[in-house]
Amino acid sequence: MKQRLLLCLLLCGVMLYYAVPRLSLESGGLESLFAGAWLLFALLAVAGNLTGILYSPKKQKVKRQPEYKRLRQY
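Model, not experiment: these values are computed from the prediction. (Residues numbered from 1 in each chain as written. Predicted model: local features only at pLDDT ≥ 70, side-chain atom pairs only at ≥ 80, totals over all residues. Heavy atoms only, no water.)

The helix and strand tally for the protein stands at 2 helices and 0 strands. Relative to the 2.2 N^0.38 estimate, which gives 11 Å for 74 residues, the radius of gyration of the protein is 25 Å and therefore markedly larger than a compact globule would have. With respect to the three principal axes, the spread of C-alpha positions in the protein is 90 × 20 × 15 Å. Here the protein holds 74 residues, and the buried ones make up 16% of them. Long-range contacts, defined as pairs at least 24 residues apart, comprise 53% of the intrachain contacts of the protein with a sequence gap of at least 6. Entry remark: accessible area of the protein is about 7400 Å², with carbon and sulfur atoms responsible for 65%. (Helix = DSSP H or I, 4+ residues; strand = E, 2+ residues; numbered from the N terminus. Rg over C-alpha atoms; globule rule 2.2 N^0.38 Å. Buried < 20%, exposed > 50% of the residue type's maximum accessible area, 1.4 Å probe, protein only. Contact = heavy atoms within 4.5 Å. Areas by Shrake-Rupley, 256 points an atom, 1.4 Å probe, with all protein chains shown as cover.)

Our next topic: helix H1 (residues 2-19). Taking 1.5 Å per residue as the helical rise, H1 with its 18 residues ought to reach 26 Å, and the 25 Å between its terminal C-alpha atoms agrees with that figure. What H1 keeps buried is the set Leu5, Cys12, Leu16 and Ala19. Projected down its long axis, H1 carries its buried residues within an arc of 80 degrees, all on one side. In H1, the exposed residues that point more than 90 degrees away from the buried face are Gln3, Leu6, Leu10, Tyr17 and Tyr18. Tucked into the core, H1 has its buried residues touching helix H2 (29-54). (Expected span 1.5 Å × (residues − 1). Arc of directions from axis to C-beta.)

UniProt tags residues 34-55 as "transmembrane region" (unreviewed entry). Helix makes up 95% of residues 34-55 and strand 0%, whereas the separation of the span's terminal C-alpha atoms amounts to 31 Å. (UniProt positions renumbered as here; feature names shortened; annotations may be inferred.)

Below you can see the structure in the form of structure tokens.
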């Protein structure tokens, strides 16, 4: 599960790296609204993946129970 979250986080980072220089927040109108919404959703995806990685339950080691010698029961 952690590998999938890490892969998604990496893909979000690549998309942000590629898209942020091309988005224009200063232009106004629908273009600015789209850029702001896109950045908001991308940052929410990053935050969700980071939350999943940081708060995932840790794997616990399985403790082996000692084997007892079976006694005959009559």
